[in-house]
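Commentary on secondary and tertiary structure
Here is how the chains run, residue by residue.
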Amino acid sequence: MPLNLDCIRQANIDHHLALISAAKACDVEMICLGELFPWPYFPLHKSPIWLDAAEDIHDSPSLKAIQKAAAQYQLHIIAPIYELDPLTGNRYNTAVYVNHQGKMLGKYRKTHIPEGRNEQAGFYEKFYFEPNNGKQNNHSPHNISCSPYFPV
């Protein structure tokens, strides 16, 4: 049976929204979600179906839900997603910073893309992600870093 990516994404979003609500009850001010939070960690295998999971950050159902939660709970949230750049078609492992008003203030596209095997399995991130070339993070006016590779 084929994977239903919309159902998988929504189940993971719902799970994370519940975690965000529980964290707010503990009086946190910032939350950092896990890598590729809307999905299981799919780079353990090469499966082209996951290429369709990448999202344009400006029209992302995952980020829209996080932005709404950030504003609702007055939280800063780092939300790592599988980003599709609509201009180039490239895909990135991207961490997006959403402030306590629900506004996206910036993003960081992963610079080092690992690939290989360990004692448990293989991981094939280079099949799914392009590396950040350093010019792609620095266009946010909120970045106070001089480094194009590591925005702050």
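A brief structural summary. (Residues numbered from 1 in each chain as written. Predicted model: local features only at pLDDT ≥ 70, side-chain atom pairs only at ≥ 80, totals over all residues. Heavy atoms only, no water.)

Remarks on the environment of Leu 63
Examined against the element boundaries, Leu 63 turns out to sit in helix α2 (residues 61–73). Note on Leu 63: relative accessible area 0%, which makes it buried. Along the primary structure Leu 63 and Glu 115 are separated by 52 residues, whereas in three dimensions their C-alpha atoms are 27 Å apart. Among all residues touching Leu 63, those that are not within four sequence positions of it are Ile 57, Ala 79, Ile 81, Val 96 and Met 104. (Helix = DSSP H or I, 4+ residues; strand = E, 2+ residues; numbered from the N terminus. Buried < 20%, exposed > 50% of the residue type's maximum accessible area, 1.4 Å probe, protein only. Contact = heavy atoms within 4.5 Å.)

Observations regarding unusual backbone geometry
Even without a glycine there, the phi angle at Asp 27 is positive, about 70°. Looking at Asp 27, the relative accessible area reads 62%, which means it is exposed. A positive phi angle, near 55°, is found at Gln 74, a position not held by glycine. The residue Gln 74 is located in the loop between α2 and β2 (76–84) in this model.

Observations concerning the nonpolar core
Of all hydrophobic cores here, the largest spans 18 residues; its most connected members are Ile 20, Ile 31, Leu 33, Phe 37, Ile 66, Ile 77 and Ala 79. Secondary structure elements with two or more residues in this core: α1 (5–25), α2, β2 and β3 (91–98). A total of 5 residues in this core trace back to one element, the largest contributor, which is α2. For Ile 31, the residues in contact, after removing those within four places along its chain, are Ile 20, Ala 23, Leu 75, His 76, Ile 77 and Ile 78. In this structure, Leu 5, Phe 42, Ala 53 and Ala 54 belong to the second largest nonpolar core, which totals 12 residues. (Core = buried A, V, L, I, M, F, W, Y, C linked by side-chain atoms within 4.5 Å.)

Things to note about the pairing of β2
Among the 9 residues that make up β2, 7 are buried, leaving the element largely enclosed by the rest of the structure. Two strands pair when backbone bridges link them, and strand β1 (residues 30–32) and β2 are joined in this way by 3 bridges, in the parallel orientation. Across the sheet, the residue bridging to Met 30 is His 76, located in β2. Relative to β3, β2 runs antiparallel, the two sharing 8 bridges. Among the inter-strand pairings, Ile 78 is bridged to a residue of β3, identified as Tyr 97. Here β2 hands over to β3 after 6 residues, with Gly 89 in that stretch at a positive phi of 80°. (Pairing = 2+ DSSP bridges.)

Purely geometric numbers; function is a separate question.
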